[in-house]
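Residue-level structural notes
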Amino acid sequence: MSFDVLVIGGGPAGLSAAINIRARGKSALVVSNPLEENPLWKSERVENYLGLPGVTGAELLTAMQKHAEADGVEFLAGKALSAAFMLDKWYVSVGSDVQEVKAVVLAAGVTREKKFPGEAELLGRGVSYCATCDGMLYRDRPVAVLGYSETARHEAEFLREIGCEVKYFDRPRDCVISGEGMVEQVLCGGETAKVDAVFILRPAMAPTDLFPGLGIENGYVQADRRMATGLPGVFAAGDCTGGPLQVAKAAGEGLIAGQSAAAYVDALARK
Ligand SMILES: Cc1cc2nc3c(=O)[nH]c(=O)nc-3n(C[C@H](O)[C@H](O)[C@H](O)COP(=O)(O)OP(=O)(O)OC[C@H]3O[C@@H](n4cnc5c(N)ncnc54)[C@H](O)[C@@H]3O)c2cc1C
C-alpha cells in the first residue's frame, strides 16, 4: 500500500503531524524506532506541557501514540535511510523496504552523535547504517556493530545468525574506522577490531544524510512558516528545525507541517 505522507520520526512533532494529516483525510505512515527509545521516554517529569503538569515522558508519548493510532495513523518500526525524488513522488528506503509517497514530514529530532573519522569516506565500502539491509554482503565474515539502542542488539543478533563474527561496541563515543578503499579495522575506546564491515546503528540519521540538498542553518533544518523546506513536498517540524527544543514547540510545528503536507498533496491532485 502506498501512503500520501510519510512522517519520519515518532516523537511529539511526528505524531502531531500525523494526526493533522489524517484530520485532512490523507493517509499517514510514521516510521520510527520503538517509543521506549525516544529521548523523552526517560523524562520523569515534564512540567511545562500545557494542561498536563508533572506528566512523565513515557505517559505523554504513550498518550500521543494512542491518539494517533485511534485516528488511523499507520506505523512502521525502522529507520529511514535515504530518499530520492522522481516525478512528484518521494521514494524513501526504510530498512530493506522502499516507501513511495507524495510528501514527507521530517520530524527526526536532533542527532546527538558526531560522525567518526573514516565513517563518511568508507560509507558503502564496509560502513553501513543497516545490518538487515547489507548484512548478507558480509555473511561468515568478521564485522563490528557500534550500537546505540536495544534495536541495535537485535540487528547484531541477526548478523550472528547469518554467520558473522560480531564484535559489539556498546554506545562507543570515540571511534576511528580505517582501511585502504574498504573497511579493514575499527578502533573504539582503545580497543581495535580487524573487520570487513562496521554497522553504525544510531537511532537517528543526520537530516542531510537522508535528504542531500536540504537547507541547514546553525546545524538545524531550514523551514519557512509553513514548515516547508526548500525541497518539493518535504516539510520539517520539531527539534530538527531548532530551539526551543521543547515538546510544545514540536507539537505546534508538527500541526503546521501536517496541514501543509496535506495541502501539498491536494495541490498535486489538482495538477
Ligand atoms: C531527558 C529529557 C527530558 C526532557 N524534558 C522536557 C520537558 O520537561 N519539557 C519539554 O518541553 N521538553 C523536554 N525535553 C525535550 C523534548 O523531549 C523534545 O523537545 C521533543 O521530544 C522533540 O520532539 P520531536 O518529535 O521533534 O523529536 P524526538 O522526540 O526526538 O523524536 C524524533 C524521533 O525520530 C527518530 N528518528 C530519527 N531519525 C530517524 C530516521 N531516519 N528514521 C526513523 N526515525 C528516526 C528518533 O530516534 C526519535 O525517536 C526533554 C528531553 C529529554 C531528553
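Before reading further, recall that the structure is shown in the block above.
Residues numbered from 1 in each chain as written. Predicted model: local features only at pLDDT ≥ 70, side-chain atom pairs only at ≥ 80, totals over all residues. Heavy atoms only, no water.

Topic: the state of the cysteines
Each disulfide consists of one covalent bond between the sulfur atoms belonging to two cysteines. Selection criterion: Cysteine sulfurs are considered disulfide-paired once they come within 2.5 Å of each other. Starting at the N terminus, helices and strands are each numbered in turn, a helix being any DSSP run of H or I of at least four residues and a strand any DSSP run of E of at least two. The rule is simple: take the accessible area with a 1.4 Å probe, protein chains only, and divide by the maximum for that residue type; under 20% is buried, over 50% is exposed, in between is partly exposed.
The tally for this structure, following the rule as stated, stands at two disulfides. Note on cysteine connectivity: Cys-130 is disulfide-linked to Cys-133, with sulfurs 2.0 Å apart. Between Cys-130 and Cys-133, the S-S torsion sits near 75°, and that sign places the bridge as right-handed. The disulfide partner of Cys-175 is Cys-188, and the S-S distance across this bridge is 2.2 Å. An S-S torsion of about 110° defines the bridge between Cys-175 and Cys-188 as right-handed. One end of the pair, Cys-175, is in strand 10 (residues 175–178); the other, Cys-188, is in strand 11 (residues 185–188), with 13 residues separating them in the sequence. Classification of Cys-175 by relative accessible area gives buried; the value is 3%. Each bonded cysteine of the protein is numbered by sequence order, and under that numbering the disulfide pairs are 1-2, 3-4. With no disulfide of its own, Cys-164 has Cys-130 as its nearest cysteine by sulfur position, at a separation of 13 Å.

Digging into the packing of aromatic side chains
The geometry of an aromatic ring pair is captured by the separation of the ring centres together with the interplanar angle, meaning the angle of the planes. Just so we agree on the cut-off: Here a pair means two rings of Phe, Tyr or Trp (six-membered ring of Trp) with centres within 6.5 Å. Their orientation is stacked below 30 degrees between planes, edge-to-face above 60, and tilted elsewhere.
For the structure on display, the rule yields four aromatic pairs. Measuring from centroid to centroid gives 6.1 Å for Tyr-138 and Phe-199, while their planes differ by 80°, and the two rings are edge-to-face. Remark: Phe-199 occurs in strand 13 (residues 197–201) and Tyr-138 occurs in the loop between helix 3 (131–134) and strand 8 (142–147); sequence separation between them is 61 residues. Comparing Tyr-138 with Phe-199, the two get one shared label, buried. Note on Phe-235 and Tyr-264: the rings are 6.1 Å apart at their centroids and 70° apart in plane angle, and the pair reads as edge-to-face. Within this pair, whereas Phe-235 is found in strand 16 (residues 234–236), its partner Tyr-264 is found in helix 6 (residues 247–270), the two being separated by 29 residues in sequence. According to the relative accessible area criterion, Phe-235 is buried, its value standing at 2%. Among the aromatic residues, those joined into a ring-pair cluster are Phe-85, Trp-90 and Phe-211.

By themselves, these are just geometric observations and shouldn't be taken as functional.
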